[in-house]
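Chain by chain, the residues run as shown.
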Amino acid sequence: MRKFTVLFSLLFCFGLMAQNANYEDPLPENTRVTKGVLPNGLTYYIYPSQVVKDAASYYIIQNVGSILENDDQQGLAHFLEHMAFNGTDNFPDKGILNTLQKHGAVFGKDINAYTSFDETVYNMNNIPTTPELVDTCLLVLHDWANFLSLEDEEIDAERGVIKEEWRTRQSGRMRIFQKNMPTVFNNSIYAERMPIGLMDVVDNFEYKALRDFYHDWYRTDLQAIAIIGDVDAEAVEAKIKTLFSAIPAIDNPRERFIVRIPENDQLMFSSASDEEVTTASLSFGIRHPKSLSNETVSDLKESLLNSMVTKMISERLGELSDKPDATFFRAFVGYGDNSRATNAFTVSISPKPDQQHAAFETVMKEVNRAVKFGFNEAEIERMITRYKNSYENQISKLDDRSHASIQSMIQNNYLENETMTDIVKEYAIAQQIFDDLTPEEVHANLKRLYTDKNRYMTATAVSTEKNITENEALQIIASAENDISLTAYEDGFSGKTLLGETKIKQGKVTSEKLNKATGSTTFTLSNGVKVHYKFADKNKNDVRLSALSYGGLSLVDDAKLPSANYVNSLVRSSGLGDYSSTDLSKVLAGKTANTGIFISNLSEGISGSSSTKDVETMLQMAHLRFVKPRFDEDAFKVLIGNLDNYLISRSNNINEKIKDSINVALYGKNDPKQPLFTKDYINSISFETIQQIYGERFKNVSDFEFFIVGDVSKEQLKPLLEKYIASIPTKKQTETYKDNSSQWLSKTIEKDVHLKMEDPKSTVRITYKNDLEYTIKNMLIARALGDILKLRYTETLREQEGGTYGASAFAGISKRPVEKATIFVGFDCNPEKVDRLVSIVHEELQKIAAGDINQTDLDKTTTNYLKERAQEKGFNQYDMSVLVNFYREDYDMNDPDNFENIVESISVNDIKEFTSNVLNGADIAEIIVKPSNKII
């Protein structure tokens, strides 16, 4: 019934648009959204959605970012974001986190915030919509709007956390970006307002500076709240009016100014380098003013054309980069945000070593080929077909639109006045635009974007190459723009089908068996393949495929492992059947279907997804994965070139050095399963070996178990299985995995590694391993331990000590190839505090093993599991997991005894005993990377 309704809506809207579109008309608005503005200036949005049943997400969008900071406040917009989680009028101290965590929310995952140049946004995601929690979340938004505590001791405690966030995020690429900011933003205030701020300010600002920023900018006329989810819009609107109307508007508010980047007549150019960055990159841009006025049909047309022309040029550049003799690894063109008031047409290039000039010349010539001659009808028609397909998919999935996607629409409406459109009516308008579109209009739009003003270019220079200079860049641009040898792009690809000349000998479904426990049907095919199928339309127009077989890398000889690790990469870049990757994308234009392969340690498989109408295409692709895979020698040469470049790029990268140092400490330098990435490693990768390994792993389809779940009927699917899966030749043999585990160098590893760093930090990796029986209960206890550790280390390492931005903690238990439990803790931190923090890690583990466990932490954890499981059940992917676990792991996820009852039964004593069993006689590795240079 729903599909008929959507189709009727489309036909009705197309009828309304039978005449030419009036480009001055406003865009049709989304009537699902309730929007209002309170007398105090606060804007609110409510969007009812059942995409996550019985849950809602809450946001506050502050039209406030680092751009509004005074010189002595640099970093305080971001600092204020942190303080919102450190006490409000109604939620003292960590009250917001503690309250929401008791109901299953997780800090960082469900509760978070970010600060940018122009906005700060807070979120609480997928919170159960009990009356109590709806009121609680609205009260949190209320306090975030106007009632932060900003207590002295909490401010001081947070300084260290911010410093460690800065330390964690620093890198060579980040330092280069900061050096190039004056060029990107034409010396405007944007260039001086990185949201993380200045650490000297963070360390030393007076409390009043933060409170002044808060008073000046956190105010109702610069705030919007959004509630998205399974709620009664009228009831929530009444609550908002009652609660938020009482917040007073600020008298004589400071002007919320919009920073407009100055125009420039000549190219602005900058080149920056960093010792840790050893590969070049180039970026060319042209800024354009962004309209913040009400949008019209004309704006929609312009947006569609901007997207079309940049995608078409990027596809041409992709064709060039697929050639082994290309001067660049990748290049693409885009159009999007540069600042609140500007967009930018951008050209991004990753040149091959010592090819900066040639790469820039090749790419700029290709851009100018399009500027001079435009696009041919085949390119344009393919692009229009893709956009129509995208619109139709969006319309069919209206009720499945994620909270994040809806929030993005709302945020763009509030901050940039983008229309929240009715997608059905928008598509009707877009259809008319596409029908009337001419190649000349598309060409004219590109020429409008490619102007000779407001240009800028940034380059990442490296010491081992001849780096491009400003004069050379100008000469290359001028040469490309005046090159009379350029000719129009030719595209003769059309009228081809995915299967081409592939001959198929159709098979049969020989039996069907209903599984009442899972609600699924198992088809046995004439070639011996079993396909487990379940209809699921929790997500409309969504079909998933998975084909699994045991074996994987465990059956590959050690000498062939380097090649095995890149089978997937070569297969992905080679295309499929008769077509290269470039031509494959053309064949699939207008279709929503894809497949991919993987080879993991113990298994191999094929995964796929499609819309309902394109299930046949997905199964055709799966068929070709077995009978006609493609291995392209040019693609292999490109792959090796990319790996050579990666080797160069990681040579001075401190994070790669840390990774290698940890790997050597654990496994030494000669473990073939834990190899160091070297030139010898690259040289051992063979085109022929990749083909051989693929043939061995995917030679026998009867060794694969197929799973298909989604919005496809049995009547539609069954003949397709007979044609495309039952027709695959098989061999009557099966394989399984073997134990190929890597062993540590010793049972106890304690090692300090010293490395020179530009921005010194310590990196800690601590692991405990021990033999332990795998059971579902032990698996869930291990998971709970890991999450309890996250809570404890957040409290101790981050909040109490201020020594790290955050610690990763994990506990798990493997079932294959051996049953073994693992506890892992890792973090970056202040080198001056590393020894103290490491001792705390071990102390907390020993406390848990002794039974010192906070029942509240356990309750938070198990409540989260129950909440997430209940919410997962509303998605097709859950049904896929049910089938895979039933047939591959021999248990029924839907049986409460396999999840809910176990989770509810986990006790403090269970956590204690599990931890004690892991720690007692465990293999232990403690690796600490420290800076060898002076600490800052």
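Computed from a predicted structure; not experimentally measured.

### Overview of the pairing of strand S21 (residues 808-814)
No. 1: In this sheet, strand S22 (residues 820-829) lies alongside S21 in antiparallel orientation, the contact comprising 7 bridges. Residue Phe810 lies in a different strand from S22, and its bridge partner there is Phe824.
No. 2: Joining the antiparallel neighbours S21 and S22 is a turn of 5 residues.

### What about the packing of aromatic side chains?
No. 1: Across all of its chains, the model carries 26 aromatic pairs by this definition.
No. 2: Judged by centre distance (4.6 Å) and plane angle (25 degrees), the rings of Tyr694 and Phe698 are stacked. Side by side, Tyr694 and Phe698 carry an identical accessibility label, which is buried.
No. 3: Members of the aromatic cluster, joined through ring pairs, are Phe626, Phe631, Tyr694, Phe698, Phe704 and Phe706.
No. 4: Positioned above the aromatic ring of Phe205, the side-chain terminus of Arg159 is 4.3 Å from the ring centre.
No. 5: Here the basic side chain of Arg455 rests over the ring of Tyr450, its NZ or CZ set 4.7 Å away from the ring centre.

### Describing the sheet that holds strand S5 (residues 120-128)
No. 1: Spatial ordering of the open sheet is given by S1-S2-S6-S3-S5-S4, a layout of 6 strands whose pairing is mixed. Strands with a single pairing partner mark the edges of an open sheet, and in this sheet they are strand S1 (34-37) and strand S4 (111-115). This sheet shows a mean twist of 10 degrees between the axes of neighbouring strands, independent of strand direction.
No. 2: Bridging between strand S3 (residues 55-62) and S5 involves 7 bridges; their strand directions are antiparallel. Note on S5: the bridge partner recorded for Tyr59 is Asn123.
No. 3: Packed onto the sheet, helix H9 (residues 233-244) meets S1, strand S2 (43-48) and strand S6 (223-229) and runs at close to 160 degrees relative to S2.

### Considerations on helix H8 (residues 207-217)
No. 1: Listed as buried for H8 are Ala209, Leu210, Phe213, Tyr214, Asp216 and Trp217.
No. 2: Structurally, H8 contributes buried residues whose contacts are with helix H2 (76-83), helix H4 (131-146) and helix H5 (152-169).

### Describing the packing of helix H11 (residues 356-373) against helix H16 (residues 470-481)
No. 1: Two elements in contact, H11 and H16, have axes whose closest approach is 8 Å; the angle formed by their N-to-C orientations is 35 degrees. Relative to H16, H11 is oriented so that their crossing is right-handed. When H11 is examined against H16, the residues His357, Phe360, Glu361, Met364, Lys365, Asn368 and Lys372 are found in contact with a partner set consisting of Glu472, Ala473, Ile476, Ile477, Ala480 and Glu481.

### Examining the domain arrangement of the chain
No. 1: You can read the domains of the chain as domain 1 (34-245), domain 2 (268-400 + 409-482), domain 3 (509-725) and domain 4 (748-931).
No. 2: Carbon and sulfur atoms make up 54% of the surface buried where domain 1 meets domain 4, a total of about 2200 Å² over both sides.
No. 3: Contact with domain 4 buries surface across domain 1, with Val161, Glu164 and Arg167 losing the most and accounting together for 24% of the total.
No. 4: Joining domain 1 to domain 4, the criterion identifies 4 salt bridges.
No. 5: The shortest N-O distance in the salt bridge between Asp759 and Arg175 comes to 2.5 Å.
No. 6: If you look at where domain 1 meets domain 4, you find 11 residue pairs in polar contact (both at pLDDT 80 or more).
No. 7: Elements represented by at least two residues in the side of domain 1 that touches domain 4 include exactly helix H3 (95-101), S5 and H5.
No. 8: Considering every element that reaches the side of domain 1 that touches domain 4, the biggest residue donor is H5, with 9 residues.

### Description of the UniProt feature "domain: Peptidase M16 C-terminal" (unreviewed entry) in the chain
No. 1: According to UniProt, the feature "domain: Peptidase M16 C-terminal" (unreviewed entry) maps to residues 205-385 and 685-861 in the numbering used here.
No. 2: Between the end C-alpha atoms of residues 205-385 the distance is 56 Å, and the span holds 41% helix and 24% strand.
No. 3: Within residues 685-861, the helical portion is 40% and the strand portion 23%, while the C-alpha atoms at the span's ends are 45 Å from each other.

Conventions and cut-offs
- Residues numbered from 1 in each chain as written.
- Predicted model: local features only at pLDDT ≥ 70, side-chain atom pairs only at ≥ 80, totals over all residues.
- Heavy atoms only, no water.
- Pairing = 2+ DSSP bridges.
- Helix = DSSP H or I, 4+ residues; strand = E, 2+ residues; numbered from the N terminus.
- Phe/Tyr/Trp six-rings, centres within 6.5 Å; stacked < 30°, edge-to-face > 60°.
- Buried < 20%, exposed > 50% of the residue type's maximum accessible area, 1.4 Å probe, protein only.
- Lys NZ or Arg CZ within 6 Å of the ring centre and 35° of its normal.
- Axes fitted to C-alpha atoms, helices over the stretch in contact; angles between N-to-C directions.
- Contact = heavy atoms within 4.5 Å.
- Left-handed = near helix turned anticlockwise from the far one by under 90°.
- Domains from an automatic or database assignment.
- Buried area = accessible area lost by both parts, 1.4 Å probe.
- Salt bridge = Lys/Arg side-chain N within 4 Å of Asp/Glu carboxyl O.
- Polar contact = N/O pair within 3.5 Å; in protein donor to acceptor, adjacent residues only side chain to side chain.
- UniProt positions renumbered as here; feature names shortened; annotations may be inferred.

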